[in-house]
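Understanding the architecture of this molecule
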Amino acid sequence: MILSIESSCDDSSIAITRLEDRAILFHKKISQDSAHSPHGGVVPELASRLHAVALPKILEECAPFFPHLKAIAVTNEPGLSVTLLEGVMMAKALALALHLPLIAVNHLKGHLYSLFLEQESRFPLDVLLVSGGHTMVLHARSFGEIEIIGQSMDDSFGESFDKVAKMLSLGYPGGPIVESYAKEGDASRFPLPLPLAGKKEVAFSFSGLKNAVRLAIQSLQNPPNEQEKRDICASFQATAIAHLIQKCRLYLATSNAPYLAIVGGASANLALREEMERLGERFGKKLLLAPLAYCSDNAAMIGRAALESYALGAFTPPLELTVRPRTPSLC
Ligand code: KG4
Ligand code: ZN
């Protein structure tokens, strides 16, 4: 079995995955949403201190599995340095104390492997990765061959939902709240500009859209009422999704991969899932999705990616493992 640890942002999570059949034998996650909500976003130092309490608590429950462990895996890149360190220090201590090999896992690769929990992987695959830290189009041929086709030039898709929620005083994380407000709103009420509409390259930008939402709120006579909040959320979400779809369409026209996928915390957005389903049908690609419960950060996806490293014997000496908050690639 592999014990995997995730602490790249504000979720403390540990999983146990069986090597022979990829079964998830244990998975637990303690989220910090309520602690960060008053701040409208993640406070790194606070997140780090909460990991220091939550991770050992979850680890205690894993003690019965210790005699069966063959490796320890941990997210070491990308993420918040002070929170990555919590998981990495725990993983190093476990690897040294239990005399087990250590596997470093890239968080984004973890999100990609959330598609393949308890099952075999399927390639080649075009992926839209949408999380709080990243917005990317990837082309994956295998575990070791993942190419970044395009990415955001500024903010991420998920982060822009968090910011819109903050502007409307709706709480954190903004994604699910904005999505539920959008369901009841009129998306044509506030016309917003489609980012990078005339550009032919696969790239994303959300800072202008965020600013347009800010201006729309300021243009109201009074602070927005509930219906205006719903309409702003609906207009914002429709534009943000239209932007993703327009850029994905550009790339998909050039790729002959049989599979298409959305991964990352924001891939839980049902309106986005519907649009991607339609896009997949149009290009004759089968849409792969992670189970809703494993779209946001979790250690099960880290364990699933670690199975591939284990098979390759790709280990890192514990004393050499470092965190890389900003990493340029997935391989
Ligand atoms: O992957 P994730 O859990 O953490 C990172 O690696 O960043 O993604 C969290 C992000 C947050 O910004 C959150 O607001 C967004 O995903 N998110 C959503 C939805 N659920 C979560 N964004 C849009 N719609 C959703 N339903
Ligand atoms: Zn993530």
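Analysis parameters
Each chain has its residues counted from 1, following the order in which its sequence is written. Lettering for chains starts from A, numbering for ligands starts from 1, and both go in the order in which the items are written. Only residues with pLDDT of at least 70 are given local features in this predicted model, and only at 80 or more are side-chain atom pairs given and counted; all residues enter the totals for whole chains, interfaces and linings. Working from all heavy atoms in the structure, the side-chain values ignore hydrogens and water. Helix axes are fitted to C-alpha atoms over the stretch in contact, other axes to C-alpha atoms as well, and angles between N-to-C directions run from 0 to 180 degrees. Numbered from the N terminus, helices here are DSSP runs of H or I no shorter than four residues, and strands are runs of E no shorter than two. In these notes the angle categories are as follows: under 35 degrees is roughly parallel, over 145 is roughly antiparallel, 65 to 115 is roughly perpendicular, and the rest is oblique. Throughout, a crossing is termed right-handed when the near helix is turned clockwise from the far one, and left-handed when it is turned anticlockwise from it by less than a right angle. Note on definitions: a residue-residue contact is assigned when non-hydrogen atoms from the two residues lie within 4.5 Å. Side-chain classes follow a simple rule in which Ala, Val, Leu, Ile, Met, Phe, Trp, Tyr, Cys and Pro form the nonpolar group, Asp, Glu, Lys and Arg form the charged group, and the remainder, Gly included, forms the polar group. Working definition: residue near molecule or strand if any one of its non-hydrogen atoms lies within 4 Å of it. Polar contact criterion, stated in full: a pair of N or O atoms within 3.5 Å, where within protein one must be able to donate a hydrogen and the other to accept it, and residues adjacent in sequence count only if both atoms are side-chain atoms. The Shrake-Rupley method, run with a 1.4 Å probe sphere, supplies the accessible areas, and residue values consider only the shown protein chains as cover. Each domain's extent was defined by an automatic or database domain assignment. Classification of residues uses two cut-offs on accessible area relative to the type maximum, computed with a 1.4 Å probe and protein chains only: under 20% is buried, over 50% is exposed, and between them is partly exposed. Strands were regarded as paired on the criterion that DSSP finds at least two bridges between them. A crossover counts as right-handed when, viewed with the strands pointing away from the observer, the path leading from the first strand over the helix to the second turns clockwise. For salt bridges, the criterion is a side-chain nitrogen of Lys or Arg within 4 Å of an Asp or Glu carboxyl oxygen. By buried area we mean how much accessible surface two parts lose on assembly, using a 1.4 Å probe and totalling the loss over both.

A word on the packing of helix α8 (residues 226-252) against helix α9 (residues 270-283)
- Closest axis-to-axis distance for the α8/α9 pair is 10 Å, and the angle between their directions is 25 degrees. Compared by their axis directions, α8 and α9 come out roughly parallel. For α8 against α9, the interelement crossing comes out right-handed. For the pair α8 and α9, the contacting residues are Gln-237, Ile-241, Leu-244, Ile-245, Cys-248, Arg-249 and Leu-252 in the first and Ala-271, Leu-272, Glu-275, Met-276, Leu-279, Arg-282 and Phe-283 in the second.
- Across the contact of α8 with α9, the residue classes break down as 10 nonpolar, 1 polar and 3 charged.

Quick word on the site of ligand 1
- Around ligand 1 lies a shell of 21 residues, among which Gly-132, Asp-162, Glu-179, Gly-265 and Asn-269 are the nearest.
- Side-chain polar atom of Asp-162 to an oxygen atom of ligand 1: 2.7 Å apart, as the coordinates give it.
- Relative to its unbound accessible surface of 550 Å², ligand 1 loses 89% to contact with the protein.
- Sorting the residues of the shell around ligand 1 by element identifies α4 (107-113), α5 (157-167) and α6 (174-183) as the ones contributing at least two each.
- Each of domain 1 (2-117 + 294-320) and domain 2 (125-289) contributes no fewer than three residues to the shell around ligand 1.

Quick look at the pairing of strand β9 (residues 259-263)
- Of all 5 residues that make up β9, 5 are buried, and the element is covered over most of its length.
- The sheet contact formed by strand β6 (residues 125-130) and β9 spans 5 bridges and is parallel. Considered in β9, the bridge of Leu-125 is made with Tyr-259.
- Examined bridge by bridge, β9 and strand β10 (residues 286-289) share 4 bridges and lie parallel to one another. When the sheet's bridge partners are listed, Ala-261 is paired in β10 with Leu-288.
- A crossover links β9 with its parallel partner β10, the connecting element being α9, and its sense is right-handed.

Digging into the pattern of salt bridges
- Counted under the stated rule, the structure contains 17 salt bridges.
- Between Glu-45 and Arg-49 there is a salt bridge; the shortest N-O distance is 3.0 Å. On the criterion of helical spacing, the pair formed by Glu-45 and Arg-49 is a turn pair, its members being 4 residues apart in helix α2 (residues 44-61).
- The salt bridge partner of Lys-229 is Glu-226, with a shortest N-O separation of 3.8 Å.

Concerning the domain arrangement of the protein chain
- Taken domain by domain, the protein chain comprises domain 1 (2-117 + 294-320) and domain 2 (125-289).
- Inter-centroid distance (C-alpha atoms) of domain 1 to domain 2 is 27 Å.
- Counting from both sides, the interface comprises 23 residues of domain 1 and, opposite them, 24 residues of domain 2.
- Contact between domain 1 and domain 2 buries roughly 1,700 Å² in total, counting both sides, with carbon and sulfur atoms accounting for 74%.
- At the boundary of domain 1 with domain 2, the tally comes to 0 salt bridges.
- The tally of links from domain 1 across to domain 2 stands at 4 residue pairs in polar contact (both at pLDDT 80 or more).
- Of all the secondary structure elements, the ones that give two or more residues to the side of domain 1 that touches domain 2 are α1 (33-36), α4 and α10 (299-312).
- Ranked by residues supplied to the side of domain 1 that touches domain 2, first place goes to α4 with 5 residues.
- Across the side of domain 1 that touches domain 2, the residue classes tally to 10 nonpolar, 9 polar and 4 charged.

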